[in-house]
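Spelled out, the chains give:
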Amino acid sequence: MKDTLRKLVTIYGPSGREAAVAEEITALLRPYVDEIHTDALGNVIATLDGKATAPAPFRVMLCAHMDQSGLIVTEVTPEGLLRFSVVGRLRATSLPGQRVLGLSGTPGLVRLDDGVEVRDIASGKMHIEVGASDRDAAMAKARPGDVFLPTASLLDFGDCQSSPALDNRAGCAVLVEVARRLKSTASHPSITHFVFSVQGAVDPRGAHPAAYGLRPDLGLVVDVARAKTGGSKIDLILGQGPAIRIRGDNYIAPPRVRNLLEKAAIEANLRYQFEVTAAEETASDAAAIEIAGAGTLTGVLTLPARGCWTTSATVSLADLEATATLLLTILKAPITL
Amino acid sequence: MLRPDTVALLSRLSEACGLAGDEGDVRAVLRETLEGQACEIYTDTIGNLICRKGNGPVRVMLDAHMDEVGLVVAGYHDSGLLRFKESGGLDPRVLPGRSVLVGRSKISGVIGTQAVHLLDRSERDKVIPAKELFIDIGARSRDEAASVTTPGDPVYFATRFERLSDTIVKGKAFDDRVGCVVVAHTLLEHDYPDLTLFGVFSVQEEVGLRGARVAAYHLAPHLALAIDATSSADVPGVDPPATSSHLGQGPAISLLDGTIVMHQKMREQLVTLAERHGLPHQYRRLTTAGTDAGGIFLQRVGVPACTMSVPCRYIHCPASLASLDDLSDTIRLAHLFLESLDKGEFTL
């Protein structure tokens, strides 16, 4: 799992520019699935058929968004500095001083404009330095529409891992792990679809058309969520297992799905938590899957992440492993809701 | 330079009244303009006007919304003054004192507020919230007001279209009647044998991108280009990074907005074509708000989509300014884009 995560967090993949991540995920997943393709919007959709003999096998859609938040260049100033907007959920307060990289590896540095007070920090009051002293020199390195990402290497604490891209490559790594283990599981009666969605770091988007096309019987989303750090009132604890989301922005867990997830956690003897929140940033792909087509019962497992939506999210590999195990426990048996 | 009949169409569309849910007048002008012009033309269940041209294998949706921002009658004061609500995002700073037209019979009225000499000094510096304003149609009682209006009546700004110079025009509802002109002009002027072109004049964009979602669902296009109007805040007091777009510098191509990160290949194709043909163009530097593209791209199994806008000053205000050169360049770039699809020079 750590190797997968290491691979995935270093790939360039901001919202709307997911092609490289899609390619890597396709390569990782191909040995474990029957079919895999990329749809019109760039979602990766893979299927593993459990070869059930039932006439209409139960179909599950596992979903993790594969994009990450970034800084999109909106203008190059006459002084050779890049103006930008945040795409996704990066907190502006975590940006000043951050080293960033453009698509072709152009290095950059985020800096506050002169004279901006701490309380006024906002992305409109910062710029990206690319070491250019005028517009022409800067345009040779970056153009409007280019997206810069916080430098992407993985900080390895042992069980805990830190990287700006963990939202939501951590979820992607879990899904790849589920596919790997499911392939070698003797019995898995459902048809399992693996969806790696686009633009999910911004809002529930790519998952909607994916769910519309697949029409699954059950959707299960894996995403990160904010874990407790100094001073926060959040209940989620890093390393205490995946959280079953009861309530999030635009989402309420259907009791049948909540029970399915909890039963599986108990059966597999896993530690788990509940997450109840309505913060705006907690909109997950579930909000889209639920209402796609004629509607889909959908559950959300969240990976506790310290510093979520900053440039230094931290997750626990044990939580990731437990999440994969929980999902496998569900997929190994016939599912009834 | 735009042809006189194109400017005349913008003038008619600008003065036509079409609040979200009340787009009938705008639809009638467009239908009259396009009827019998080698299009199949119909109105769908939600009110979108759809004009299909051609039967080619590539299905393209070219979208502009018909509705504009304005007010809705919400009730009455005993004195005969009208309460109102906003329809779409309006700036309360620009409401007091405006002449308006109320209801389908276009009764004249004024948006009223307390006289300035009744306010104490601190109140004079404040923006009056819309809910403290009212509309005065000269009625002397609740009954009199209610006999000529009904709650739910649309309220429009009484702004006439004017040409301020060779290139600059003034009018209401340029958001998105300029887009309607682009789509109508494209349908009237060009044939694309390899495309099935759906010109979509959508309803209810200003209140949640509603019509375009429905149209994209039932038309199932392979890709969609939304033509909209975007704010051009190149006026004193605005920091350069916040100007969004500049009047007269060509169509504003969106990178993203609050509802969609634009399809990268489509966006790059627009820029490539503009550069190749020496057309002025710019990026929209605002990355918030929404356009029909955001509603369209999530329909069915996904529709690659992008937005291109005509810059307009004082958007979502009673009167806006636009440049006919920008409009002309937007028309041209939309055509070049469709032509490149038609000839197979551009594929997704």
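Each residue is numbered by its place in its chain's sequence as written, counting from 1. Here the convention is simple: chains get letters from A, ligands get numbers from 1, in the order in which they are written. Residues qualify for local features only when their pLDDT is at least 70, as the model is predicted, and side-chain atom pairs are given and counted only at 80 or more; totals for whole chains, interfaces and linings, by contrast, use all residues.

## Section: the interface of chain B and chain A
By the convention adopted here, residues are in contact when the distance between their C-beta atoms, placed from the backbone, does not exceed 7 Å. Each partner contributes residues to the interface: chain B has 17 residues there, and chain A has 22 residues. When the residues that make up the side of chain B that touches chain A are grouped by side-chain class, the tally is eleven nonpolar, three polar and three charged. Nonpolar residues are Ala, Val, Leu, Ile, Met, Phe, Trp, Tyr, Cys and Pro. Charged residues are Asp, Glu, Lys and Arg, and all others, Gly as well, are polar.

## With respect to the domain arrangement of chain A
All names here are of chain A. Either an automatic procedure or a domain database provided the assignment from which the domain bounds are taken. Here chain A is partitioned into domain 1 (2-68 + 165-332) and domain 2 (70-150). Distance between the C-alpha centres of domain 1 and domain 2: 31 Å. On the side of domain 2, 13 residues touch domain 1, which itself brings eleven residues to the contact. When grouped by side-chain class, the residues that make up the side of domain 1 that touches domain 2 number five nonpolar, four polar and two charged.

## Regarding helix α6 (residues 255-267) of chain A
Each full turn of the α-helix corresponds to 3.6 residues, which orients residues three or four apart in the same direction. Residue and element names in this part refer to chain A. Put simply, DSSP H or I for four residues or longer makes a helix, DSSP E for two residues or longer makes a strand, and each gets a number counted from the N terminus. Expected span of a helix: the number of residues minus one, times 1.5 Å. Between its first and last C-alpha atoms α6 spans 18 Å; for 13 residues at 1.5 Å apiece the expected length is 18 Å, and the two agree. Every buried residue of α6 is listed here: Val257, Leu260, Leu261, Ala264 and Ala265. Looking straight down α6, one finds that the buried residues subtend no more than 130° of arc, so they occupy a single side. Away from its buried face by more than 90 degrees, α6 exposes Pro255, Lys263 and Ile266. Buried residues along α6 sit against β14 (243-248), β17 (297-305) and α8 (317-332). Positive phi shows up at Asn269, right after α6, with a value of about 60°. Whether a residue is buried, exposed or partly exposed is read from the other C-beta atoms within 10 Å of its own C-beta, which are placed from the backbone; 20 or more gives buried, 12 or fewer gives exposed, and intermediate counts give partly exposed. Arc, as used here, means the arc of the directions from the helix axis to the C-beta atoms.

## Section: the pairing of strand β18 (residues 313-316) of chain A
All names here are of chain A. Burial along β18 is two-sided: Ala313 and Val315 and Thr314 and Ser316, pointing in opposite directions, are all buried. Two strands make a pair as long as DSSP finds a minimum of two bridges between them. In this sheet, β18 lies alongside strand β11 (residues 160-163) in antiparallel orientation, the contact comprising four bridges. Along β18, the bridge assignment pairs Cys160 with Ser316.

## So, the packing of helix α5 (residues 174-189) of chain B against helix α9 (residues 324-342) of chain B
All names here are of chain B. Note on method: axes are straight lines fitted to C-alpha atoms, helices fitted across the in-contact stretch only, with angles between N-to-C directions ranging 0 to 180 degrees. In contact at an axis separation of 10 Å, α5 and α9 are set at 45° when each is read in the N-to-C sense. As far as their axial angle goes, α9 and α5 are oblique. Where α5 crosses over α9, the handedness of that crossing is right-handed. Residues Val178, Val181, Val182, His185 and Thr186 of α5 touch α9, and the partners they reach there are Leu327, Thr330, Ile331, Ala334, His335 and Leu338. In this scheme, roughly parallel covers angles under 35 degrees and roughly antiparallel covers those over 145, while 65 to 115 is roughly perpendicular and the rest are oblique. Crossing chirality is assigned from the near helix's rotation relative to the far helix, an anticlockwise turn below a right angle marking it left-handed and a clockwise turn marking it right-handed.

## Let's talk about the confidence of the model for chain B
Every residue is assigned a pLDDT by the predictor, reflecting its confidence on a scale from 0 to 100. In the predicted model, chain B carries a mean pLDDT of 94, and the fraction of residues at 70 or more is 99%. At the level of chain-chain contacts, confidence expressed as ipTM amounts to 0.90, with global pTM at 0.93.

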